[in-house]
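Examining the three-dimensional arrangement
Read off the chains here:
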Amino acid sequence: MKKFLIIMCAIALLITGCGQTQQAAAPQKISVKAMKVLHQTINVTHGFPGQVQGVDEVQIRSKVNGTVVEKYIKGGDRVQIGQALFKIDSRPYETALLSAKADLSKAQSNLRRAQDTFNRNEQLYQMQAIAEQTLVNSREDLDGYIAALDAAQVAIRKAQENLDDTIVYAPMDGRVSLDDVAVGTYAMAGSTILVTMGTIDPVYVQFSVSETEYLNVISKAMSEREQNLPRPNFTMTIILSNNEEYPFKGTPVEADRALSQNSGSINVKAIFDNPQGILLPGMFAHVKIVKESGRNTLLVPQRAVQQLLDQSFVLIVDKDGKSLSKIVELEEKVGSYYIVKSGLSVNDLVIVEGLTNLQSGKDLDVTIVTADEMGFSTEDSTQIVNET
């Protein structure tokens, strides 16, 4: 009997809830972690691998053929414009100059005789003592000797130039490389490289940037430089291979005429002062551009951003404690964050954890977290978002 009563009571509870109306179960809330967007002034750093290049680099060649008989420099020396570098054997050119001078003397003598003959024939013709053809012939002989004199003078100038060119001079201030030829080398005019040299102050650093980085940073700075406007709102430095920062700042001055078809990047040259000669062509240099984003910049954690087709969006906690989707427009990455161009306000609470399958309009069980708790930082980054 006791067992029967227990069974009946259980049935009654199932049907009537033991005399009470059963209430519908409350919807289950989704647990998430959220934090406020950051609102501060930050610097955006872009980094690019680069290489030092000389502003002017030339291969020094002899203008005349001959054997190198003297060398006035050694590889690696600093030289000044007009400084003697090499001497080519000058004896053949001294002989050629003497021969040209002798030819000139002969031409001058021939010209004097031809002039005297023409003057005499002109007088005889006036006296009708000779035929007109004789006078014409003497005039033509005179013209020929005048031309011969001009040719002899040109030959002297050429012989003198060749003799002068046996001394090879530095065309500019700079430093010579270690590829200088030895004494005894036979130099072919315009062919044999005697040494390579280039300027050392200033120097170029060449690096490649994306299309977006070029449009956002480099092109504006180059335009302002051409217009003699104040320096742009960024600094450009280089980190050398020993991880030390070079003390002088740089300025972008040249960009290639087209993007690379393979990489979609563009080559840029920046100029750096190099008064101490620390930078040498061929050195590796990591270019660092630090750009101030402006005051009151909004930052959203990268983890909070989701992509759908060509749009970026985040889920925030609305005033009713529900999830709400917002489309955002982003700029550069800064550490763990994106700079927000539009779409969020300073008071928005963005969801940073629990986003899997989360949709707009869901009830939330929110845990407020900080950047430190999530391991986020605004440490400089070299990455950039392609704005669309």
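Rules used throughout
Residues numbered from 1 in each chain as written. Predicted model: local features only at pLDDT ≥ 70, side-chain atom pairs only at ≥ 80, totals over all residues. Heavy atoms only, no water. Helix = DSSP H or I, 4+ residues; strand = E, 2+ residues; numbered from the N terminus. Contact = heavy atoms within 4.5 Å. Buried < 20%, exposed > 50% of the residue type's maximum accessible area, 1.4 Å probe, protein only. Core = buried A, V, L, I, M, F, W, Y, C linked by side-chain atoms within 4.5 Å. 1 Å grid on protein atoms, 1.4 Å probe; cavity = no way out; pocket = protein on both sides within 12 Å on 5 of 7 lines; lining within 4 Å. Points joined across faces, edges and corners; volume = space filled by probe spheres on them. Nonpolar A, V, L, I, M, F, W, Y, C, P; charged D, E, K, R; others polar. pLDDT = per-residue confidence, 0-100. Salt bridge = Lys/Arg side-chain N within 4 Å of Asp/Glu carboxyl O. Pairing = 2+ DSSP bridges. Expected span 1.5 Å × (residues − 1).

Moving on, we get to the side chain of S90. Here S90 lies in the loop between β7 (84–88) and α2 (91–126). With residues up to four places along the chain from it excluded, the contact list for S90 reads L163 and T166.

Let's shift gears to the environment of H46. Counting through the fold element by element, H46 comes out in strand β3 (residues 43–54). Exposure remark for H46: the relative accessible area of 1% places this residue in the buried category. As for H46 and M236, which are separated by 190 residues in sequence, their C-alpha atoms are 9.5 Å apart.

If you look at the biggest cluster of nonpolar residues, it comprises 32 residues, and the most contacted ones within it are V79, L85, F86, L194 and M197. For this core, the secondary structure elements donating two or more residues are β7, α2, α3 (132–164) and β11 (193–198). Sorting elements by how many residues they give to this core places α2 first, with eight residues. Once you skip the residues sitting within four places of it in the chain, M197 turns out to touch D56, E57, V58, I60, V79, A170, P171, M172, D173, G174, R175 and V176. L299, A304, I316 and A371 belong to the second largest nonpolar core, which has 25 residues in total.

Time to look at the layout of surface pockets. One way to see where empty space is left: roll a probe the size of a water molecule over the atoms. Estimates place the volume of the second largest pocket at around 160 Å³. Lining the second largest pocket are E57, R175, V176, S177, T196, M197, G198, T199, I200, L280 and P281. At the level of elements, β9 (174–176) and β11 are the ones that each hand at least two residues to the lining of the second largest pocket. Among the elements that line the lining of the second largest pocket, the one with the most residues is β11, at three residues. Counted by class, the lining of the second largest pocket contains five nonpolar, four polar and two charged residues.

Summing up the model confidence of the protein chain, the mean pLDDT is 81 and the portion of residues at 70 or higher is 86%. Considering only residues more than four positions removed or in separate chains, one finds that residues 1–22, a stretch of pLDDT under 50, has three contacts. In the model, residues 381–388 has pLDDT below 50 throughout and makes 30 contacts with residues more than four positions away in sequence or in other chains.

Across all of its chains, the model carries eleven salt bridges by this definition. With its nearest N and O atoms 3.7 Å apart, the salt bridge here joins K74 to D77. The exposure class assigned to K74 is exposed, which follows from its relative accessible area of 56%. Given the relative accessible area of 22%, D77 is considered partly exposed. In this structure, the salt-bridge partner of K249 is E245, at a minimum N-O distance of 3.8 Å. Where salt bridges share partners, they join K33, R303 and E353 into one cluster.

One open sheet accounts for four strands, arranged β4-β11-β9-β6; its pairing is antiparallel. Across the chains shown, the open sheet's two edge strands, defined by having one partner strand only, are β4 (57–61) and β6 (78–79).

Moving on, we get to α2. Here α2 contains 36 residues, and its C-alpha end-to-end distance of 53 Å stays within 8% of the 52 Å for a straight helix at 1.5 Å per residue. Within the sequence span of α2, burial applies to Y93, L97, A100, L104, A107, N110, L111, A114, F118 and N121. On its buried face, α2 sits against α3. Of the residues trailing α2, Q128 is marked for its positive phi of about 60°.

Omega for the bond connecting D201 with P202 falls within 30 degrees of zero, at 5°, which places this linkage in the cis form. Within the fold, P202 resides in the loop between β11 and β12 (203–210). Not every positive phi belongs to a glycine, and Q128 is a case in point at roughly 60°. Considering the arrangement of structural elements, one finds Q128 in the loop between α2 and α3. Phi is positive for N357, which is not a glycine, with a value near 60°.

Taken in spatial order, the four strands line up as β8-β7-β5-β10 in an open sheet, and their pairing is antiparallel. The open sheet has two edge strands, β8 (167–169) and β10 (186–187), and neither has a second partner. Both strand β5 (residues 66–71) and β10 contribute to a ladder of two bridges, which runs antiparallel. Residue pairing in the sheet places T67 in a bridge with Y186 of β10.

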